[in-house]
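Listed below, chain by chain, are the residues.
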Amino acid sequence: MYYSMMKSRIYPILCAFLGIAVLIVYGQVIGHEYLLYYDKQYVYQNQMVLRGVTPESIHWAFSTLYASNWHPVTWLSHMLDQEIFGPNSRAQHLVNVLIHLLNSILLFTILRKMTGSTWRSFAVGLMFAIHPIHVESVAWLAERKDVLSLFFGMLTIWSYLRFTVKPRVTTYLPVLIFFALGLMAKPVLVTLPFILLLLD
């Protein structure tokens, strides 16, 4: 019982440590400006995004194939940035960093739930959090779709774990909702059902 209590107390501390690690490694991008490569298409010269969240821009987000992609949730996230921060690249970079931070904590939480091993799960979460493979996705606003789709993908897996414990319609519905949101952030998440089969 004492060991179980210690594990529950150490969990928020390790989550905080993951957050600090992400901010140390990726926090520097908060001072960055827009990149010329695709950021102008996605953000600072995209007239629909610059309008913020309006009925017209929402319709556009769900109907356009602009920049050779259909990802309305990603467009809506950029529009929400404009609505809240205006044309402030630093704040928009901060959003990318915070989404990556949440993804790192979610991965740690999911692995801990699946395996029962706090420290091994934390080690994987930490490697994921600070690995340089995420630089493009976190530091480049046009790649918001990567961190955002992964966020909803992680929530899909988390919801699926809950469904396996209590298999009913009410626990399966979040799986479908988060999966649909993830697909609308970046369609590459279409492979996620096969990952769930592998987990089973």
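Only a predicted model underlies this, so the values are computations on that prediction, with no experimental measurement involved. (Residues numbered from 1 in each chain as written. Predicted model: local features only at pLDDT ≥ 70, side-chain atom pairs only at ≥ 80, totals over all residues. Heavy atoms only, no water.)

S.K.: When you look at the packing of aromatic side chains in this model, what are you seeing that I'm missing?
M.R.: Per the stated rule, a full pass over the model turns up 13 aromatic pairs. With centroids separated by 6.3 Å and ring planes inclined at 40°, the aromatic side chains of Tyr38 and Trp140 adopt a geometry described as tilted. Note that Tyr38 is positioned in the loop between α1 (2-26) and α2 (39-44) and Trp140 in the loop between α8 (135-139) and α9 (144-165), a separation of 102 residues in sequence. Take Tyr38: its relative accessible area is 35%, and that puts it in the partly exposed class. Look at Phe108 and Phe122: their rings are 5.9 Å apart centre to centre, the planes differ by 80°, and that puts the pair in the edge-to-face class. With Phe108 in helix α6 (residues 89-115) and Phe122 in helix α7 (residues 118-130), this residue pair connects regions lying 14 residues apart in the sequence. (Phe/Tyr/Trp six-rings, centres within 6.5 Å; stacked < 30°, edge-to-face > 60°. Helix = DSSP H or I, 4+ residues; strand = E, 2+ residues; numbered from the N terminus. Buried < 20%, exposed > 50% of the residue type's maximum accessible area, 1.4 Å probe, protein only.)

S.K.: Got a minute to help me understand helix α5 (residues 72-85) in this structure?
M.R.: Each full turn of the α-helix corresponds to 3.6 residues, which orients residues three or four apart in the same direction. For α5, which comprises 14 residues, the first-to-last C-alpha distance of 20 Å matches the rise-based estimate of 20 Å (1.5 Å per residue) to within 8%. In the core, the buried residues of α5 are packed alongside α2, α3 (47-50), α4 (55-63), α6, α9 and α10 (169-185). Downstream of α5 by one or two residues, Gly86 has phi in the positive range, about 75°. (Expected span 1.5 Å × (residues − 1). Contact = heavy atoms within 4.5 Å.)

S.K.: What is the right way to read unusual backbone geometry from this model?
M.R.: Most peptide bonds take the trans form, and the phi angle of most residues other than glycine is negative. The phi angle at Ala67 is positive, at roughly 60°, despite the residue not being glycine. Tracing the chain through its elements places Ala67 in the loop between α4 and α5. Here Ser68, not a glycine, exhibits a phi torsion of approximately 60°, which is positive. Along the polypeptide, Ser68 turns up in the loop between α4 and α5. The class of Ser68 is exposed, set by a relative accessible area of 73%.

S.K.: For this particular structure, what's the right way to read the side chain of His71?
M.R.: Within the secondary structure layout, His71 lies in the loop between α4 and α5. Here the side chain of His71 touches Tyr42 through a polar contact of 3.2 Å, side chain to side chain. In this view, His71 contacts Tyr42, Lys145, Met184, Ala185 and Lys186; residues no more than four positions away in its chain are not counted. (Polar contact = N/O pair within 3.5 Å; in protein donor to acceptor, adjacent residues only side chain to side chain.)

S.K.: Would you explain the packing of α4 against α5 in this entry?
M.R.: The relative placement of two packed helices is expressed as an angle between their axes plus a distance between the axes. At a closest axis distance of 8 Å, the pairing of α4 and α5 adopts a crossing angle of 150°. In terms of orientation, α4 and α5 fall into the roughly antiparallel class. As α4 runs across α5, the sense of the crossing is right-handed. Here Ser57, Ile58, Trp60, Ala61 and Phe62 of α4 come into contact with α5, specifically with Pro72, Trp75, Leu76 and Met79. A breakdown of the residues in the contact of α4 with α5 according to their chemical character gives 8 nonpolar, 1 polar and no charged. (Axes fitted to C-alpha atoms, helices over the stretch in contact; angles between N-to-C directions. Parallel < 35°, antiparallel > 145°, perpendicular 65-115°, else oblique. Left-handed = near helix turned anticlockwise from the far one by under 90°. Nonpolar A, V, L, I, M, F, W, Y, C, P; charged D, E, K, R; others polar.)

S.K.: I'm lost on the side chain of Arg144 in this one. Help?
M.R.: On the secondary structure map, Arg144 appears in helix α9. Excluding its chain neighbours within four sequence positions, the residues that come into contact with Arg144 are Thr74, Ser77, His78, Asp81, Gln92, Val95, Asn96, Ile99 and Ser137.

S.K.: What is the right way to look at the packing of α9 against helix α11 (residues 192-199) in this model?
M.R.: α11 packs onto α9 with a crossing angle of 35° between their chain directions and a minimal axis gap of 11 Å. Viewed along their axes, α9 and α11 form a crossing whose handedness is right-handed. Counted together, Gly153, Thr156, Ile157 and Tyr160 of α9 and Leu192, Leu196 and Leu199 of α11 form the full contact between these two elements. Looking at the contact of α9 with α11, its residues break down into 5 nonpolar, 2 polar and no charged.

S.K.: I would appreciate a short explanation of the pattern of salt bridges in the present structure.
M.R.: Oppositely charged side chains can form a pair if their charged atoms are brought close together. In total, this model carries 4 salt bridges according to the counting rule given. Ionic pairing is found between Glu143 and Lys145, a salt bridge with its closest N-O pair at 3.3 Å. Of the charged contacts, one joins Lys186 and Asp146 as a salt bridge, the two residues approaching to 2.4 Å between their closest N and O atoms. Of the two residues, Lys186 sits in the loop between α10 and α11 while Asp146 sits in helix α9, which places them 40 residues apart along the sequence. On the basis of relative accessibility, which here comes to 21%, the residue Lys186 falls in the partly exposed class. The class for Asp146 is buried, based on a relative accessible area of 19%. (Salt bridge = Lys/Arg side-chain N within 4 Å of Asp/Glu carboxyl O.)

Without other data, these values stay purely geometric and don't point to any function.
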